[in-house]
Amino acid sequence: MDKAELIKTAHNTIVEADEERAIHVIDEAVEQGIDLLELLREGFAEGNREVGGLFESGNLCLPELIFSTEVMKKVIEIVEGRTGEGKEKVKGKVLIATVDGDVHDIGKGIVVSTMKSYGIDVIDIGREVPVETIIEKAEAYGVDIIGTSALLTSTLKEQKKLEDTLRKMGIRDKYKTMVGGAPCTSRWANRIGADAYSEDAVEAVKKALELLKK
Amino acid sequence: MIIKSGKCVGGGKCEECGKCNLYNTTTRKKKLTYLPEGFAPDVEVTGEPDQKRYGIAFDIGTTTVVGMLWNLNNNTLVDMIAKTNPQSQFGADVISRITYSMESTKHQKTMQDKIIGCFNEMIREFDDQYQISGQEIRKATVVGNTTMGHLFLGIDASSLARAPFDPAYTGPVQKRAAELDIKIDPDAEVYLLPNIAGHVGSDIVGVLLASGIKKQPGLQLAIDVGTNGEIVLARDGRMLTCSTAAGPAFEGARIYQGMRAARGSIERVRIENGEVVIEVIEDCEPVGICGSGLIDAVAQMLDAGIINFKGNIISAEDASSKGLHPELVARLRKGDNGNEFVLVWKSRSEDIVINQKDIREVQLAKGAIYGGITILMQCMGVDSSMLEKILLAGAFGSYISKKSALRIGLLPMIDEGKIEHIGNAAGVGACMALLSKQEREEAVKQSVEVEHVELALHPNFEREYLYAMYFPKENLKQA
């Protein structure tokens, strides 16, 4: 397959959640000396974007979204493994976590994969992460953005706690903050003083890239 | 189209409205309250023989509260009332209500006052109708899910809203009516049955008593199909339970034209020979669709090839090329929320439809329940082929068509004859605890014996939940 076909096939493997084929595409690209990051961006990531759109419009059900996301995760893992030197293409570092008391992470997982496919370095520290740990890790990794996900109306307040704690510690200006999750809204983000709110993974990338330019 | 506030928006014309969530659902619930065969009350009647003695059993459902009045002189059910839970204005689900009550002590008090107020309204109605004075009501028992129990007692429920979802207290709770401001004999004992664990509350303990599932032979499954979707799997005395947070889709919420089961809601749907045949509660002009109607609609649409196993509603073009009946093709169109299928054509108001988003809501709800069943069976090391019985409890559970429930994959595939409706089992359990000291002791015993599985923290749940969102494929006859 030539480059254009590889990119198209890469796109389809995500839409069809075909992991085996996705891996073949990567192998072939390596053989042909095609830039994997380009393949990721133009092929796989576009497939990811289409899947997101299909899900939003109701044309894809949740399991299909997840299965596609899993293939995307695998693809990113492989590409990252093979392009260790490509780190200078990294646009910035994001630390992401599901807040304390909350175990939901499906959406967060999709955000992580999508961000990575756009060349953002993402450190996912998991679920049920207390604010203190989030800050500790943010400092340790020296990230640019801290992103939090909350899926219960009852755990949403952790996002406010993060803002308040960063301010109290006098390090709020060191970071940009992003919030997301089903009960989260842009109004909430404004109220607590977060830098950005995103409704879905694609918007998250858009906002993150904007924040990283600042 | 779901009315969220506690105010009547139909101009008070209940007969015509049909969408009201204030509608009294008493009649439907009444048929579902019957004590199990062989149950024998054992509570002693003390005091003067001609003294009137009554008792009330309450079942605090997230969506509907039921009060059952018993004449304790002869242990007969006098009457019962069902009312919409007035906390509904603060949220349809337990998490929203906990969040609201966490905001301040005032809010927490409001939540408690709402339930107590609801109880007192029922008491007043019983008093008026049966010429009773509240003082003559000498005992009360209460069941409800864990959150309802906490809010009723005015206890901080915030731990239930975050992992690992622990209650703030364990065991049964006994209070004097005066302590809770319940307008019956001030010294009357108000007994709240114990919760099991996590979100699986005293209502499920009620189901255990009413179903007697612990002593039933072989592998049995009991499901309280409601907002919280609790499940009990029992085998030769060993019991496992979980709460699936199925969501209010089965009660009509988040469905485009969904409504509670009330006058004007479509409760049965059949698609045959290109025709859509419906049954409406109280036989009037349909205004929406309730849970049982929704399940029927989805099952029929699956059989007719209108939805595929992934839950996608077919487009009119594809339906036409697949050779679906032209009258069914005519009902397919594109709407604001994806493809939709018209159930009822209307001339002067909006057509009644099922749209793509509605199907997704059903998939989420039934996926949660089926996923929960799968996990419990995995934990017990059994599979559905070994099931002797499936018991469907709860008001919704009682009206759902067994055939439709199987068709959409809400339940594991078993012989229809093995499914039994057991009525409002939680409420019946509360009645049994009112009338029998032995049952009360049994309730406490079993609440501790049941093993709780916290699905949110189980490693396999997410995967099973996702798979369960698909509909069962079936070898269908072509429409």
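Every value quoted in this text rests on a predicted model; they were computed, and no experiment measured them.

## Let's talk about the sheet that holds strand β15 (residues 352-355) of chain B
Residue and element names in this part refer to chain B. Taken in spatial order, the three strands line up as β13-β14-β15 in an open sheet, and their pairing is antiparallel. With partners counted over all chains shown, the strands left at the sheet margins are β13 (332-335) and β15, one partner each. Adjacent strand axes in the sheet meet at a mean angle of 45 degrees when their direction is disregarded. The sheet strands contacting helix α11 (residues 356-380) are β14 (338-344) and β15, and the helix crosses β15 at an angle near 60 degrees.

## Brief notes about the interface of chain B and chain A
When the parts of a complex come together, some accessible area is lost, and that lost area is often taken as the interface size. Taken together, the contacts link 24 residues of chain B with 16 residues of chain A. Among the secondary structure elements, those contributing two or more residues to the side of chain B that touches chain A are α3 (94-102), α11 and α16 (461-468) of chain B. Per-element accounting of the side of chain B that touches chain A gives the leading share, five residues, to α3(B). Of the residues in the side of chain B that touches chain A, the class split is eleven nonpolar, nine polar and four charged.

## Some words on the sheet that holds strand β12 (residues 288-289) of chain B
Residue and element names in this part refer to chain B. As summarised here, the arrangement of the three strands in space is β11-β10-β12, forming an open sheet in which the pairing is mixed. The open sheet has two edge strands with one neighbour each: β11 (275-280) and β12. One ladder, built from two bridges, connects strand β10 (residues 265-272) with β12; its direction is parallel. Residue pairing for β12: Ser-265 is matched across the bridge by Gly-288. Here helix α8 (residues 291-303) sits on the sheet in contact with β10 and β12, set at roughly 15 degrees to β10.

## Points about the pairing of strand β6 (residues 189-192) of chain B
All names here are of chain B. For strand β4 (residues 137-144) and β6, the ladder comprises four bridges, and the chain directions are parallel. Bridging across to β6, Thr-141 finds its partner in Tyr-191. Relative to β6, strand β5 (residues 173-176) is paired through four bridges, and the arrangement is antiparallel. Bridge assignment links Arg-176 to a residue of β6, and that residue is Glu-189.

## Quick notes on the nonpolar core
Residue and element names in this part refer to chain B. Residues Val-232, Val-298 and Leu-343 are the most contacted members of the largest nonpolar core, which totals 209 residues. The element best represented in this core is α11, accounting for ten residues. Setting aside chain neighbours within four positions, we find Leu-343 in contact with Ile-266, Val-269, Val-276, Ile-278, Ala-297, Ile-352, Val-353 and Ile-354.

## Some thoughts on the environment of Ile231(B)
Residue and element names in this part refer to chain B. Tracing the backbone through its elements, the reader meets Ile-231 in strand β8 (residues 230-235). Between the C-alpha atom of Ile-231 and that of Ala-430, which follows or precedes it by 199 residues, the distance is 18 Å. If sequence neighbours within four positions are ignored, Ile-231 has contacts with Leu-221, Ile-223, Thr-241, Cys-242, Thr-244, Gly-372, Ile-373 and Leu-376.

## Structural notes on the environment of Glu462(B)
Residues and elements named next belong to chain B. Residue position: Glu-462 is located in helix α16. Note on Glu-462: 17 C-beta atoms within 10 Å, which makes it partly exposed. Taking the C-alpha atoms as reference, Glu-462 lies 9.2 Å from Ala-368; in sequence the two are 94 residues apart.

## A look at the environment of Gly212(B)
Residue and element names in this part refer to chain B. Along the chain, Gly-212 falls in the loop between α7 (202-211) and β7 (219-224). Residue Gly-212 is classed as partly exposed on the basis of its 17 C-beta neighbours within 10 Å. With 103 residues separating them along the chain, Gly-212 and Lys-109 place their C-alpha atoms 36 Å apart.

## Re the confidence of the model for chain B
All names here are of chain B. On average, residues of chain B carry a pLDDT of 89, and 91% of them reach 70 or more. At the low end of the mean pLDDT range in chain B sits helix α1 (residues 14-17), at 38; at the high end sits β6, at 98. Long-range and interchain partners of residues 9-23, a stretch whose pLDDT sits below 50, account for 28 contacts in this model, where long-range means more than four residues apart. Here the prediction assigns the complex a pTM of 0.85, and the interface score ipTM is 0.75.

Definitions and limits used
- Residues numbered from 1 in each chain as written.
- Chains lettered and ligands numbered in written order.
- Predicted model: local features only at pLDDT ≥ 70, side-chain atom pairs only at ≥ 80, totals over all residues.
- Pairing = 2+ DSSP bridges.
- Helix = DSSP H or I, 4+ residues; strand = E, 2+ residues; numbered from the N terminus.
- Axes fitted to C-alpha atoms, helices over the stretch in contact; angles between N-to-C directions.
- Contact = placed C-beta atoms within 7 Å.
- Nonpolar A, V, L, I, M, F, W, Y, C, P; charged D, E, K, R; others polar.
- Core = buried A, V, L, I, M, F, W, Y, C linked by C-beta atoms within 7 Å.
- Buried ≥ 20, exposed ≤ 12 C-beta atoms within 10 Å, placed from the backbone.
- pLDDT = per-residue confidence, 0-100.

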